[in-house]
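Structural description and commentary
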Amino acid sequence: MRCLIVEDDDKIAADLTDALARSGFHVERCADGEAAWFAGGTEHYDIIVLDLGLPRMDGLSILRRWRAEGMGAPVLILTARGSWMERVEGIDAGADDYLPKPFHMEELVARARSLVRRSTGHASPRLTIGALELDTTRQTVAVAGQPVHLTPLEYRLVSYLAHAGARVVTPSELLEHLYGDQDSREANAVEAVIARLRRKLGAGVIATRRGFGYHLEQG
Ligand code: CA
């Protein structure tokens, strides 16, 4: 799951990044409003955590522009404590949830996960795609009711495909999700993980669309 954190405060951004990465998110961060507006409008994110007070473009303006352009990712805004006006304006601008500062990281992570589940149309923490079942809280996988032991890397790949639904995911998108931008691994690193997963999950779970990428058999 890809997460964009838009926060100009380095300390809060680092704490958010740690907490969300530990919870299985691949986290990217923007520290100013214009960079955030561009990233959110051009990249696919499963969840965006948006601070409202930002240099160069404020959070509410970014959110209004994203929604006007049809950007559909769930957005959780960080508001000043006691500022009901910010909350109202934020919801009106298209925020899906809000959290007043200061907040507990555990609460933020729980809300972020809940928003991702809601936006993928699954209210329960279990995702079922064909014969495959993911428990997103315990981060476990079963096929036809039988538990399958996966490494954290393998789980993240399956979870990413599961959240993508019927959308075909390119190898480069998976590469970035698994290893981040800075890593220089080749696309065949993704193929190797896919091959291991096919041995563990059975051949019919991950489908290849030749020349495009991968998706889960929807069953
Ligand atoms: Ca700020």
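Summarised in this report is the structure supplied together with it. Predicted model, so just to flag it, every value in this text is computed and none were measured.

Considering the overall build of the protein chain
In terms of helices and strands, the protein chain carries eight helices and eleven strands. Relative to a compact globule of 219 residues, whose C-alpha radius of gyration would be 17 Å, the protein chain shows 18 Å and is just as compact. Counting only C-alpha atoms, the protein chain reaches 55 × 35 × 30 Å along its principal axes. Relative to its full complement of 219 residues, the protein chain shows a buried share of 46%. Within the protein chain, counting contacts between residues at least 6 apart in sequence, those at least 24 apart form 55% of the total.

Thoughts on the coordination of the calcium ion
Metal coordination angles have textbook ideals: 109.5 degrees for a tetrahedral set of four donors and 90 or 180 degrees for an octahedral set of six. Ligation of the calcium ion by protein atoms is provided by D8 (OD), D51 (OD) and G53 (O), these donors lying 2.1 to 2.4 Å from the ion. Under the relative-accessibility criterion, D51 is labelled buried at 5%.

Regarding the packing of aromatic side chains
As enumerated under the stated definition, the model contains zero aromatic pairs in all. Looking at R65, its charged tip hangs above the ring of W37, at a distance of 4.0 Å from the centre. Directly above the aromatic system of F212 lies the positively charged group of R209, at a separation of 4.2 Å from the ring centroid.

Side note on unusual backbone geometry
The residue after K101, namely P102, is reached through a cis peptide bond having omega -5°. Tracing the backbone through its elements, the reader meets P102 in the loop between β5 (97-101) and α5 (105-119). Although it is not a glycine, R56 adopts a positive phi angle of roughly 75°. Positionally, R56 belongs in the loop between β3 (47-51) and α3 (59-68). Even without glycine at this site, A144 takes up a positive phi of about 50°. Looking at where A144 falls in the secondary structure, it is placed in the loop between β8 (140-143) and β9 (146-148).

Topic: the packing of helix α1 (residues 10-22) against α5
Where α1 contacts α5, the two axes come as close as 10 Å, and the packing angle between them is 55°. Taken together, the axis directions place α1 and α5 in an arrangement best described as oblique. Judged by the twist between their axes, the crossing of α1 over α5 is right-handed. On α5, the residues that touch I12, D15, L16, A19 and L20 of α1 are M105, L108, V109 and A112. Grouping the constituent residues of the contact of α1 with α5 by class yields eight nonpolar, no polar and one charged.

Quick notes on the sheet that holds strand β7 (residues 132-135)
Pairing is antiparallel across the open sheet formed by four strands, whose spatial order is β6-β7-β8-β9. Taken across any chain shown, the strands that pair with only one partner, and hence form the sheet edges, are β6 (126-129) and β9. Across the sheet, the mean angle separating the axes of adjacent strands is 25° when strand polarity is ignored. Along the sheet face, helix α6 (residues 152-164) touches β6, β7 and β8 and points at about 105° away from the line of β7.

What to know about the environment of D51
For D51, the location among the structural elements is in strand β3. Taking C-alpha positions, D51 is 20 Å from E69, a pair spaced 18 residues apart along the chain. Those residues in contact with D51, other than ones at most four positions away along the chain, are V6, E7, D8, G59, L78 and K101. In this structure the side chain of D51 is engaged in a polar contact, spanning 3.1 Å, whose partner is the side chain of K101.

Things to note about α3
Within α3, the full set of buried residues consists of G59, L60, I62, L63 and W66. Projection of α3 onto a plane perpendicular to its axis shows the buried side chains occupying an angular sector of 160°, all on one side. Those residues of α3 that are buried lie in contact with α2 (33-42), β3, β4 (75-80) and α4 (84-93). Structurally, the start of α3 carries an N-cap: the backbone nitrogen of L60 is 3.1 Å from a side-chain oxygen of D58.

Overview of the pattern of salt bridges
On inspection of all chains with the given rule, the structure shows 15 salt bridges. The partner of K101 in a salt bridge is D51, with the nearest N and O atoms 3.1 Å apart. Here K101 is found in strand β5, whereas its partner D51 is found in strand β3, with 50 residues between them in sequence. Two residues, E107 and R111, come together in a salt bridge whose shortest N-O distance is 2.9 Å. Linking E107 with R111, this pair stays in helix α5, spanning four residues, or about one helical turn. A relative accessible area of 34% means that E107 is categorised as partly exposed.

Reading guide: rules and limits
- Residues numbered from 1 in each chain as written.
- Predicted model: local features only at pLDDT ≥ 70, side-chain atom pairs only at ≥ 80, totals over all residues.
- Heavy atoms only, no water.
- Helix = DSSP H or I, 4+ residues; strand = E, 2+ residues; numbered from the N terminus.
- Rg over C-alpha atoms; globule rule 2.2 N^0.38 Å.
- Buried < 20%, exposed > 50% of the residue type's maximum accessible area, 1.4 Å probe, protein only.
- Contact = heavy atoms within 4.5 Å.
- Donors = N, O, S within 2.8 Å, 3.2 Å for Na, K, Ca; no water.
- Phe/Tyr/Trp six-rings, centres within 6.5 Å; stacked < 30°, edge-to-face > 60°.
- Lys NZ or Arg CZ within 6 Å of the ring centre and 35° of its normal.
- Axes fitted to C-alpha atoms, helices over the stretch in contact; angles between N-to-C directions.
- Parallel < 35°, antiparallel > 145°, perpendicular 65-115°, else oblique.
- Left-handed = near helix turned anticlockwise from the far one by under 90°.
- Nonpolar A, V, L, I, M, F, W, Y, C, P; charged D, E, K, R; others polar.
- Pairing = 2+ DSSP bridges.
- Polar contact = N/O pair within 3.5 Å; in protein donor to acceptor, adjacent residues only side chain to side chain.
- Arc of directions from axis to C-beta.
- Salt bridge = Lys/Arg side-chain N within 4 Å of Asp/Glu carboxyl O.

Distances and angles like these do not, on their own, reveal function.
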